2 protein chains.
Amino acid sequence: MATAIKIPATAEDVDRLMLDLGHAARAAAAELALAPRSVKDKALNEAARALRESVPAILSANETDLAAARAAGRNAAYLDRLMLNPSRIEGIAKGLEAVAALDDPVGDTIARWTRPNGLVISRVRVPLGVVGIIYESRPNVTADAGALTLKSGNAAILRGGSDSHASSVAILGCLKRGLAAAGLPEDSIQLVPTTDREAVGAMLRGLGGTIDVIVPRGGKSLVERVQNEARVPVFAHLEGICHTYVDAAADLEMARRIVVNAKMRRTGVCGATECLLVDANARQDLMGPLVKALLDAGCEVRGDESARKADPRVRAASPDDYGHEFLDAVIAVKTVDGVDGAIRHIARYGSQHTDAIVTADQSSADKFLQRVDSAIVLHNASTQFADGGEFGMGAEIGIATGKMHARGPVGVEQLTTFKYVVRGDGQVRPG
Amino acid sequence: MATAIKIPATAEDVDRLMLDLGHAARAAAAELALAPRSVKDKALNEAARALRESVPAILSANETDLAAARAAGRNAAYLDRLMLNPSRIEGIAKGLEAVAALDDPVGDTIARWTRPNGLVISRVRVPLGVVGIIYESRPNVTADAGALTLKSGNAAILRGGSDSHASSVAILGCLKRGLAAAGLPEDSIQLVPTTDREAVGAMLRGLGGTIDVIVPRGGKSLVERVQNEARVPVFAHLEGICHTYVDAAADLEMARRIVVNAKMRRTGVCGATECLLVDANARQDLMGPLVKALLDAGCEVRGDESARKADPRVRAASPDDYGHEFLDAVIAVKTVDGVDGAIRHIARYGSQHTDAIVTADQSSADKFLQRVDSAIVLHNASTQFADGGEFGMGAEIGIATGKMHARGPVGVEQLTTFKYVVRGDGQVRPG
């Protein structure tokens with residue numbers, strides 16, 4: 001069942017191999033577009049069953065990857081991203097079942113209206129077609145991304161990291177068992193069988209027009225390469241430089257809880273707040289309690305003069321600390337001149353991802369929510385809510401900060417597009 | 001008021017000029033995003049007034065363009081696309097007023113839901129930002145495109161054909177009078193002031209990240225260049241290779257009216273049917289009456305053997321006649337094996353634009369509508385309805401056949417995107 005890594009001899013071989021994948025995906029997509037929900041759900045549930053029945057085989061493949069990574073001197077965090085165990089495999093299986101439980105957007109009528117001439121026009125949801133996912137390290141993405149694309153009626157071409165290839169192959173085998181059990185095309189989910197770097201280049205060029213969108217999941221250099229080279233649409237975010245602005249009219253206790261959660265709940269996620277903005281015009285002392293709460297929670301604070309005055313543990317912020325994604329227990333702090341100052345700072349330093357205001361003043365909140373041009377803006381809540389699950393989407397394939405087609409969490413619905421269906425009874429257009 | 005064509009000395013000068021346009025547009029867009037509908041409508045209505053007051057000046061500028069075109073030996077159709085007269089100028093003014101009468105999508109709440117933790121999440125419409133329109137010949141596009149982008153809260157950068165530059169400049173002057181009267185930024189609508197070809201290249205590269213989407217309006221070579229070179233999203237269609245399939249279960253009289261209208265109403269529009277598909281399995285003679293009706297309407301018919309048997313005026317179709325956009329009173333005709341045959345033919349030869357089925361059999365209709373992967377699919381109506389106005393959008397900036405963000409007619413709503421607005425009262429995310 002495992003697909004051996006084909007070693008193409010030349011760049012031409014890689015191109016041909018990749019084009020074949022693209023055409024196979026396109027053919028599978030034409031069938032998947034018509035698959036009823038029950039069939040797709042059966043594939044997902046059967047895949048979950050196959051996973052549970054294959055734990056020893058998956059762990060064995062994973063050990064292959066881990067041994068190679070250890071031999072290459074990878075650190076503990078790296079190995080942890082690679083590692084599977086029975087509990088994590090169960091989590092992957094549960095994830096497949098959770099996607100099966102989601103509503104199926106394909107075929108939904110988004111809008112319908114009747115024209116004066118009697119034509120009935122509907123906007124109907126259809127799958128995008130073929131989704132390419134390029135990812136690093138985490139073998140669970142093989143299942144997560146494969147599940148979301150399948151549920152939305154798309155074919156998937158997965159290009160995982162070479163360091164987790166054996167694990168991904170083992171997981172893919174379980175997905176394919178699910179596809180077969182449901183009678184869906186084998187090529188609905190394909191894993192790129194070569195670790196040749198040229199394969200990624202071929203995907204970014206669009207595989208001869210067969211790929212509709214690419215989703216990169218991984219570190220900054222991967223996303224940057226994809227955004228720079230891709231000739232097809234991309235759903236991605238490069239950085240999550242998220243801000244929490246605490247306004248003069250904020251409730252201090254609320255602000256403290258929100259700020260600490262926004263930074264410290266999980267420092268490595270894209271929705272973690274990287275910069276705290278504090279209103280210069282507050283009558284109460286906001287800076288002191290906020291800075292202390294962060295420091296006491298184990299966060300390093302790099303701030304301006306006002307922040308440093310609040311606590312001797314605060315270090316001086318350098319200019320590079322603003323607009324910087326720490327992905328760590330480090331935060332930059334700046335004083336700003338009210339909500340206008342916060343809006344200006346975010347416009348300059350933000351990454352259009354997620355930004356929040358804490359205030360009891362509704363008009364300041366409205367101004368912030370309207371003028372901050374980010375995918376997600378929050379009032380009196382933590383930026384850590386930037387997540388498809390938290391939004392009620394059930395699952396997401398990533399978060400997009402671009403403005404086209406999908407913005408914010410990319411769930412099943414965002415992997416679809418629409419067509420216009422026009423029903424008449426003989427209408428012809430005048431003149 | 002007319003902007004002289006700046007002649008940049010070097011490629012660097014062009015780049016700098018274009019980047020300045022981009023930054024000015026981006027700054028204007030930040031203001032336009034907040035402009036209330038009444039202000040945008042005032043600009044449009046005042047621009048319409050300015051147009052009506054400027055007829056002699058516009059005609060004079062237009063004569064400059066026409067004289068140059070005549071001297072260059074342009075043919076009658078070309079001159080007609082360039083030509084303005086009082087009636088056409090009135091049409092442009094009315095077009096501005098029609099856009100003012102449209103609903104303003106900006107700020108609309110597309111969806112709203114409350115999470116179990118009490119967070120209220122809304123998806124709210126916002127402008128895309130900066131729209132680049134690259135067009136040929138027709139000076140009215142200066143006003144049409146400028147109006148739609150303004151109404152949707154976007155800034156516009158217009159790059160018209162050099163052959164209509166003087167006319168476009170005169171029209172732009174009227175638009176800017178409208179902007180000034182409404183207190184909107186002067187740079188809300190900018191015309192690229194150089195005819196240097198490099199200026200288009202700079203737009204296609206995105207003007208330093210300031211352009212959000214490009215809309216090409218013109219012939220195939222323009223659209224092809226844009227689609228191949230653009231590093232930013234594009235709303236476009238390359239070809240309108242539209243089909244009308246007449247099924248065995250079609251009402252013959254309905255089919256005749258629809259087919260003749262779909263081909264002959266206006267042969268130069270992208271929604272004109274270029275290929276008639278006729279069900280081989282019809283008991284009645286469909287081919288004969290359909291072919292004759294087209295021939296009698298003045299259409300040249302190029303068909304397969306069955307079509308040629310129907311009438312001696314039918315010429316033999318060459319393989320290149322299928323999948324060909326004639327944009328003329330010429331049609332290709334082919335016999336296909338039922339709705340499945342029609343679907344296969346369209347999948348191979350179509351351009352994913354607009355395709356129609358004529359039948360009284362609902363299940364054949366449903367199959368066709370579901371399986372034909374085009375922006376617009378019609379049952380028992382003419383493909384000539386592929387038009388924003390006919391869809392009830394009021395106006396369109398073009399028709400898109402891509403699947404991302406906008407598909408089919410691109411109206412005011414399609415020039416917007418959305419952001420998530422999350423309102424809480426102190427929620428923090430667990431674990």
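Residues numbered from 1 in each chain as written. Chains lettered and ligands numbered in written order. Predicted model: local features only at pLDDT ≥ 70, side-chain atom pairs only at ≥ 80, totals over all residues. Heavy atoms only, no water.

Considering the relation of the copies chain B and chain A
Moving on, step 1. Superposing chain B onto chain A takes a rotation of 180° plus a shift of 0.0 Å along the axis, which leaves an RMSD of 0.0 Å. Taken together, the rotation and translation relating the two chain copies correspond to the operation of a two-fold axis. The position closest to the rotation axis in chain B is occupied by the C-alpha of B:His405, lying 2.0 Å away.
Moving on, step 2. Both copies present the same face, since 100% of the interface residues in chain B are matched by interface residues at the equivalent positions in chain A. (Least-squares fit on C-alpha atoms with pLDDT ≥ 70 in both. Contact = heavy atoms within 4.5 Å.)

Quick word on the interface of chain B and chain A
Moving on, step 1. Listed by partner, the interface residues are 72 residues for chain B and 72 residues for chain A.
Moving on, step 2. Carbon and sulfur atoms supply 49% of the area that chain B and chain A bury against each other, a total of about 5,800 Å² over both sides.
Moving on, step 3. On the chain B side of the contact with chain A, B:Met404, B:Tyr420 and B:Arg429 bury the most area, a combined 14% of that side's loss.
Moving on, step 4. The tally of links from chain B across to chain A stands at ten salt bridges.
Moving on, step 5. Between A:Glu413 and B:Arg123 there is a salt bridge whose closest N-O contact spans 3.4 Å.
Moving on, step 6. Here chain B and chain A share 51 residue pairs in polar contact (both at pLDDT 80 or more) between them.
Moving on, step 7. Looking at the side of chain B that touches chain A, the element that brings in the most residues is strand β16 (residues 416-427) of chain B, giving eleven residues. (Buried area = accessible area lost by both parts, 1.4 Å probe. Salt bridge = Lys/Arg side-chain N within 4 Å of Asp/Glu carboxyl O. Polar contact = N/O pair within 3.5 Å; in protein donor to acceptor, adjacent residues only side chain to side chain. Helix = DSSP H or I, 4+ residues; strand = E, 2+ residues; numbered from the N terminus.)

Looking at the domain arrangement of chain A
Moving on, step 1. One can read the domain layout of chain A as domain 1 (11-235 + 412-421) and domain 2 (242-385).
Moving on, step 2. In this structure, domain 1 of chain A and domain 2 of chain A have C-alpha centres spaced 36 Å apart. (Domains from an automatic or database assignment.)

Some remarks on the packing of helix α8 (residues 198-205) of chain A against helix α9 (residues 220-229) of chain A
All names here are of chain A.
Moving on, step 1. Closest axis-to-axis distance for the α8/α9 pair is 9 Å, and the angle between their directions is 45°. As the angle between them shows, α8 and α9 are arranged oblique. Judged by the twist between their axes, the crossing of α8 over α9 is right-handed. On α9, the residues that touch Val-200, Gly-201 and Leu-204 of α8 are Arg-225, Val-226 and Glu-229.
Moving on, step 2. Residue composition of the contact of α8 with α9, grouped by class: three nonpolar, one polar and two charged. (Axes fitted to C-alpha atoms, helices over the stretch in contact; angles between N-to-C directions. Parallel < 35°, antiparallel > 145°, perpendicular 65-115°, else oblique. Left-handed = near helix turned anticlockwise from the far one by under 90°. Nonpolar A, V, L, I, M, F, W, Y, C, P; charged D, E, K, R; others polar.)

A short note on helix α6 (residues 140-151) of chain A
All names here are of chain A.
Moving on, step 1. Across its twelve residues, α6 extends 17 Å between first and last C-alpha, which sits within 8% of the 16 Å expected from 1.5 Å per residue.
Moving on, step 2. Burial analysis of α6 places ten of its twelve residues in the buried class, which makes it a mostly covered element.
Moving on, step 3. Inspection of α6 places Val-141, Thr-142, Ala-143, Ala-145, Gly-146, Ala-147, Leu-148, Thr-149, Leu-150 and Lys-151 among the buried residues, and these make up the whole buried set.
Moving on, step 4. Downstream of α6 by a residue or two, Gly-153 has a phi angle that is positive, lying close to 80°. (Expected span 1.5 Å × (residues − 1). Buried < 20%, exposed > 50% of the residue type's maximum accessible area, 1.4 Å probe, protein only.)

Examining helix α13 (residues 338-349) of chain B
Residues and elements named next belong to chain B.
Moving on, step 1. The end-to-end C-alpha distance of α13, which contains twelve residues, comes to 17 Å, matching closely the 16 Å that a straight helix rising 1.5 Å per residue would cover.
Moving on, step 2. Every buried residue of α13 is listed here: Gly-338, Val-339, Gly-341, Ala-342, Ile-343, His-345, Ile-346 and Tyr-349.
Moving on, step 3. Of the surrounding secondary structure, the elements contacted by the buried residues of α13 are β7 (242-246), β8 (273-279), β11 (330-336), β12 (354-358) and α14 (362-371).

Description of unusual backbone geometry
Residues and elements named next belong to chain A.
Moving on, step 1. With phi around 50°, Leu-327 is a residue other than glycine that occupies positive phi space.
Moving on, step 2. As for its position among the elements, Leu-327 is in the loop between β10 (315-316) and β11 (330-336).
Moving on, step 3. For Leu-327, a relative accessible area of 39% translates into the label partly exposed.

Description of the pattern of salt bridges
All names here are of chain B.
Moving on, step 1. Enumeration over the complete set of coordinates arrives at 72 salt bridges over all chains.
Moving on, step 2. Between Glu-90 and Arg-52 there is a salt bridge, with its nearest N and O atoms 2.9 Å apart. Of this pair, Glu-90 sits in helix α5 (residues 86-100) while Arg-52 sits in helix α2 (residues 37-53); the two residues are 38 residues apart in sequence, bridging distant segments of the chain.
Moving on, step 3. Of the charged contacts, one joins Lys-220 and Glu-239 as a salt bridge, the two residues approaching to 2.7 Å between their closest N and O atoms. Of this pair, Lys-220 sits in helix α9 (residues 220-229) while Glu-239 sits in the loop between α9 and β7, placing them 19 residues apart in sequence.
Moving on, step 4. Overall, the relative accessible area of 41% leaves Lys-220 in the partly exposed class.
Moving on, step 5. We classify Glu-239 as buried; its relative accessible area is 18%.

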